[in-house]
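Residue-level structural notes
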Amino acid sequence: MRDADPDTSLTASIALDTVTVRYRGAVALDRVSLSVAPGEVKVLLGPSGSGKSTILRAIAGFVPPTSGRIMLAGRDVTALPPHARGLGMVVQNYALFPHLTVAANVGFGLNARRLPKPEIAERVAACLDLVGMAGFAGRYPRELSGGQQQRVAIARALAIRPPVLLLDEPLSALDAPLRAGLLDELRSLHARLPELAIVYVTHDQGEAIALGDRIVLMREGRIAACGTPRSLYETPEHRYAAEFFGQANLLPVRLEACHRDLAVVNFDGQHLTVRTASGSPAPRPLLCLRPHAIEIGATGPNRIAARITGVQWMGPVQRVQAVAGAHPLRIDLPAGQGAPAVGAMVTLGFDPGRACLVAEA
Amino acid sequence: MNGTGPGAGRRWRRAITLVPFLAAVFLLLLYPLGLMITAAFRGAKGWSLAPALQVISSRVFASALGHTLRIALTATILCLLLGFVLALLLNLAPFRGAASLGRLVDAYLSFPSFLIALSLTFLYGNAGLMTALLAPLLDGSRQSASFLYGFWGVVLAEVTFYTPFVLRPLLAGFQSLDPALLEMASGLGEGPIGVVRRVVVPALLPSLLAGGGLCLLLTLNEFGIMLVMGAKNVITLPMLIYGDAVQQFNYAGASIIAVCDAGLSLAVFALYRLGITRLGAWLAS
């Protein structure tokens, strides 16, 4: 599957054209095409081994494509070594130079470009100020916390004023509160650098939703789905996208009728109405119900009989486990709402506009 | 505290277990060293520095000291350069068989040094293969092509033998070098030479210091290679000691030179320890 807007490759900050990467015969990337527009934040999301980091490394020049082309601002850079590409990159373990101070780390790329010393000092100070590390210029990386090291790594990548910033799971080594804080900082940083294109690799869908203008969902070296966070969440195309992106309940149904944007499906003898996004669904699709989209004790037209098998308090929500026929379901209720007793028979319901039909594969 | 409790008993037992170790150190190390120092500074008229000063001020001693230092420093520098280049090739441009080569280096460290000298004589000696091949390119004389018995021949043999002593700590240093650092440096715009200069060399500085220090200590006291090669024009301190003690039965003279040689080694070792300590303190600060 191709990423959207392939025609923008000439104006895009980055464009990959049917790039394949093989490691000793094993395919790590399989004919991947995508583009990133100036100012766009594109998130590559997927499990380990899906090829998302390989895309980033191919863009940076650390992995040579077996076939295909990589374009930077309309220029073919496939054969260029990393040092000639001028891209900023931040990796999971920060990779700060341990023998250099924070200021020397941030100025590393500027020294490599042989810039005058006053200009280097000025740009280093500005970048450290940008990431809130102005008072740490003389320290060594070992004297900084993980979050501070990550800020320095971002400042180092931005100091060379790259057109594209590549971020390879930059927050995964940090604890949850720090991760949330840095995610906010990344968003505000991007707001201050609106022309900067960002390619962000993660396996965390929360980070993907929070940061991405568009998300590319990867699977086994290929693009499995691509779209805005909302479109991927609300109308996933297939089982993989629905399950990886937001823990969907997927029920096997039989299509009975389809009229305009509404479809009638049969689940265990019950007729259910679902809004369809576009086109005609497959004859045996899956009904995708998000946990928070299901009501308990419904009186509307869409009704599913189910038995409650468990209730778990999770802070802001209560996770209710139920079984409809032979199919397990997860339901999220607000914490203040009374939960049914375990073993109770209930009627579940949903709004046709909050469910969708997805393909099996 | 009356010194009779269980703690005092433990201390006594610990002290008693140390006795065999201390006796062995005394018998095998301190006693012979003491004899050597006595032989160096005690003559028929009692203790005196005069014989030592006479030996140290001689042209033979100055020449041997000069050769020792020149050969050791040159061989160490060349070992460091060659070892560093080999370590770079093995790690940054790995080739088929690189792992086997690493294991071969480990095996090589177990070889005796004179074996290398002996094998080099088959190549560069008077009747050596390379000498025969090089002779027509020089002035036709086999003797002139045989550089093995001069300064550079000894250095070649020592570099051949001691490079793995530098290579081994460098390979270990590379193991702990995060490859992401090299990629980041390259991504930030630094070319291959700049990456080596600004990232690899600082990261491997402790390994370079350890390998170089060890190599310098060993080359200062190299005897097997010198003995087998018989390089008459480059007599070093160990060869001078051997000549005085074994060939001329001048034990007093040999002892004086040996004390100087030991002092030189200790000074180098002290410098090495100081360097390592300073570097360690800087890295830990």
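All residue numbers refer to position in the chain's written sequence, counted from 1. Starting at A for chains and at 1 for ligands, labels are handed out in the order in which the entities are written. It should be noted that, the model being predicted, local features are given only for residues of pLDDT at least 70 and side-chain atom pairs only at 80 or more, the latter also being counted only at that level, while totals for whole chains, interfaces and linings use all residues.

Looking only at helices and strands, one finds 14 helices and two strands in chain B. Dimensions of chain B along its principal axes, counting C-alpha atoms only, are 70 × 65 × 30 Å. Three exposure classes are used. Buried residues have 20 or more other C-beta atoms within 10 Å of their own C-beta, exposed residues have 12 or fewer, and partly exposed residues fall in between, all C-beta atoms being placed from the backbone. Evaluated residue by residue, chain B yields a buried proportion of 31% over its 285 residues. The contact criterion used here is simple: two residues whose C-beta atoms, placed from the backbone, lie within 7 Å are in contact. In chain B, once contacts between residues fewer than 6 apart in sequence are set aside, the share between residues at least 24 apart is 73%. By definition, any uninterrupted DSSP run of H or I lasting at least four residues is a helix, any uninterrupted run of E lasting at least two residues is a strand, and each is numbered from the N terminus.

Scanning chain A from terminus to terminus reveals nine helices and 21 strands. When the backbone C-alpha atoms are referred to their principal axes, chain A occupies close to 75 × 45 × 35 Å. Scored against the burial criterion, the 361 residues of chain A give a buried share of 41%. The contacts of chain A with a sequence gap of at least 6 include a subset with a gap of at least 24, amounting to 66%.

Here the focus is the domain arrangement of chain A. All names here are of chain A. Marked domain ranges trace back to an automatic or database domain assignment. Here the domain parsing of chain A yields domain 1 (6-241) and domain 2 (242-358). On a C-alpha basis, the centres of domain 1 and domain 2 stand 37 Å from each other. Taken together, the contact between domain 1 and domain 2 spans twelve residues of the former and eleven residues of the latter. Those elements that provide at least two residues to the side of domain 1 that touches domain 2 are α8 (229-234) and α9 (239-244). Throughout this entry, Asp, Glu, Lys and Arg are counted as charged residues, while Ala, Val, Leu, Ile, Met, Phe, Trp, Tyr, Cys and Pro are counted as nonpolar. The remaining residues, Gly among them, count as polar. Broken down by class, the residue content of the side of domain 1 that touches domain 2 amounts to six nonpolar, three polar and three charged.

This brings us to the nonpolar core. Residues and elements named next belong to chain A. If you look at the biggest cluster of nonpolar residues, it comprises 158 residues, and the most contacted ones within it are Leu-217 and Leu-287. Among the domains, domain 1 (6-241) and domain 2 (242-358) are the pair contributing at least three residues each to this core. Once you skip the residues sitting within four places of it in the chain, Leu-217 turns out to touch Leu-45, Gly-46, Ala-224, Ala-225, Cys-226, Leu-232, Ala-241, Phe-244 and Phe-245. The nonpolar core is taken to be a set of buried Ala, Val, Leu, Ile, Met, Phe, Trp, Tyr and Cys residues joined by way of C-beta atoms within 7 Å.

All names here are of chain A. For strand β10 (residues 222-227), the tally of buried residues reaches five of six residues, placing the bulk of the element in the interior. Judged from the five bridges that link them, strand β9 (residues 214-219) and β10 form a sheet pairing that is antiparallel. When the bridges of β10 are listed, Met-218 appears paired with Ile-223. Connecting β9 to the next strand, β10, in antiparallel fashion are two residues, including Glu-220 with a positive phi near 50°. The pairing criterion is simple: DSSP has to find at least two bridges between the two strands.

Taken as a whole, helix α9 (residues 179-187) of chain B has its buried residues at Leu181(B), Leu182(B), Met184(B), Ala185(B), Ser186(B) and Gly187(B). Its buried side turned inward, α9(B) meets α1 (52-60), β6 (88-90) and α3 (108-112) of chain A together with α10 (192-203) of chain B. Two residues or fewer after α9(B) comes Gly189(B), characterised by a positive phi angle close to 110°.

Attention now goes to the pairing of strand β18 (residues 317-324) of chain A. Residue and element names in this part refer to chain A. Bridge count for strand β17 (residues 303-313) against β18 is six bridges, and the pairing is antiparallel. When the bridges of β18 are listed, Val-311 appears paired with Val-320. Hairpin connection of β17 to β18: three residues between the antiparallel strands, including Gly-315 at a positive phi of 85°. Inspection of the sheet shows β18 paired to strand β19 (residues 327-334) by eight bridges, in the antiparallel sense. If you follow Gln-318 over to β19, its bridge partner there is Leu-333. Joining the antiparallel neighbours β18 and β19 is a turn of two residues, in which Gly-325 adopts a positive phi near 65°.

For the rest of this paragraph, the subject is the sheet that holds β6(A). All names here are of chain A. Strand order across the open sheet formed by six strands is β6-β7-β8-β3-β9-β10, with mixed pairing between neighbours. The open sheet has two free edges, formed respectively by β6 and β10, since each of these has just one partner strand. On average, each strand axis in the sheet is tilted by 15° relative to the strand beside it, whichever way the strands run. Sitting on the sheet, helix α5 (residues 146-159) is in contact with β6 and β7 (164-168), with an inclination near 165° to β6. Here, axes are lines fitted to C-alpha atoms. For helices the fit covers the stretch in contact, and angles between N-to-C directions go from 0 to 180 degrees.

A few words now on α5(A). An α-helical segment advances 3.6 residues per turn. Residues three or four places apart therefore align on the same side. Residues and elements named next belong to chain A. Between its first and last C-alpha atoms α5 spans 20 Å; for 14 residues at 1.5 Å apiece the expected length is 20 Å, and the two agree. Counting buried residues in α5 gives eleven out of 14 residues, a clear majority hidden from the surface. Taken together, the buried positions of α5 are occupied by Gln-149, Gln-150, Arg-151, Val-152, Ala-153, Ile-154, Ala-155, Arg-156, Ala-157, Leu-158 and Ala-159. Against the buried residues of α5 lie β6, α2 (102-106), α3, α4 (117-130), β7 and α6 (176-192). In a helix, the anticipated span is given by 1.5 Å times the number of residues less one.

Turning our eyes to something else, we now look at unusual backbone geometry. All names here are of chain A. Positive phi, normally seen in glycine, also occurs at Arg-161, with a value near 50°. For Arg-161, the position within the fold is in the loop between α5 and β7. Since 13 C-beta atoms lie within 10 Å of it, Arg-161 is described here as partly exposed. With phi around 50°, Asp-268 is a residue other than glycine that occupies positive phi space.

To continue, consider the confidence of the model for chain A. Per-residue confidence from the predictor is reported as pLDDT, a score between 0 and 100. When pLDDT is averaged across chain A, the result is 89; 96% of the residues are at 70 or more. Across residues 1-10 of chain A, where pLDDT falls below 50, the model places 19 contacts with residues more than four positions away in sequence or in other chains.

Further remarks concern the sheet that holds strand β12 (residues 254-259) of chain A. Residue and element names in this part refer to chain A. Strand order in the open sheet formed by three strands is β12-β13-β14, and the pairing between neighbours is antiparallel. Looking along the sheet, the strands with just one partner apiece sit at the ends: β12 and β14 (270-275). Across this sheet, the average inter-strand angle for adjacent strands is 25°, counted without regard to direction. Taken together, the five bridges between β12 and strand β13 (residues 262-267) define a ladder with antiparallel strand orientation. Along β13, the bridge assignment pairs Leu-255 with Val-265.

The partner chain B presents 15 residues to the 17 residues of chain A that form the contact. Residue contributions to the side of chain A that touches chain B peak at three residues, all from α3(A).

A separate point is the environment of Leu208(B). All names here are of chain B. With respect to the secondary-structure elements, Leu-208 resides in helix α11 (residues 205-220). Leu-208 gets classed as buried once you count the C-beta atoms within 10 Å, which come to 20. With near-sequence residues (within four places) excluded, Leu-208 lies in contact with Leu-80 and Leu-170.

Moving on, we get to the packing of helix α4 (residues 98-108) of chain B against helix α8 (residues 151-175) of chain B. Residue and element names in this part refer to chain B. Across the interface, α4 lies against α8 with an axial gap of 10 Å and an inter-helix angle of 130°. Relative to α8, the element α4 lies oblique. For the element pair α4 and α8, the recorded crossing hand is left-handed. Residue-level contacts link Gly-102, Val-105 and Tyr-108 of α4 to Pro-164, Leu-167, Arg-168 and Leu-171 of α8. The residue makeup of the contact of α4 with α8, split by class, is five nonpolar, one polar and one charged. An angle counts as roughly parallel when it lies under 35 degrees, as roughly antiparallel when it exceeds 145, as roughly perpendicular when it falls between 65 and 115, and as oblique in every other case. Whether a crossing is left-handed or right-handed is set by the direction in which the near helix is turned from the far one by less than a right angle, anticlockwise for left-handed and clockwise for right-handed.

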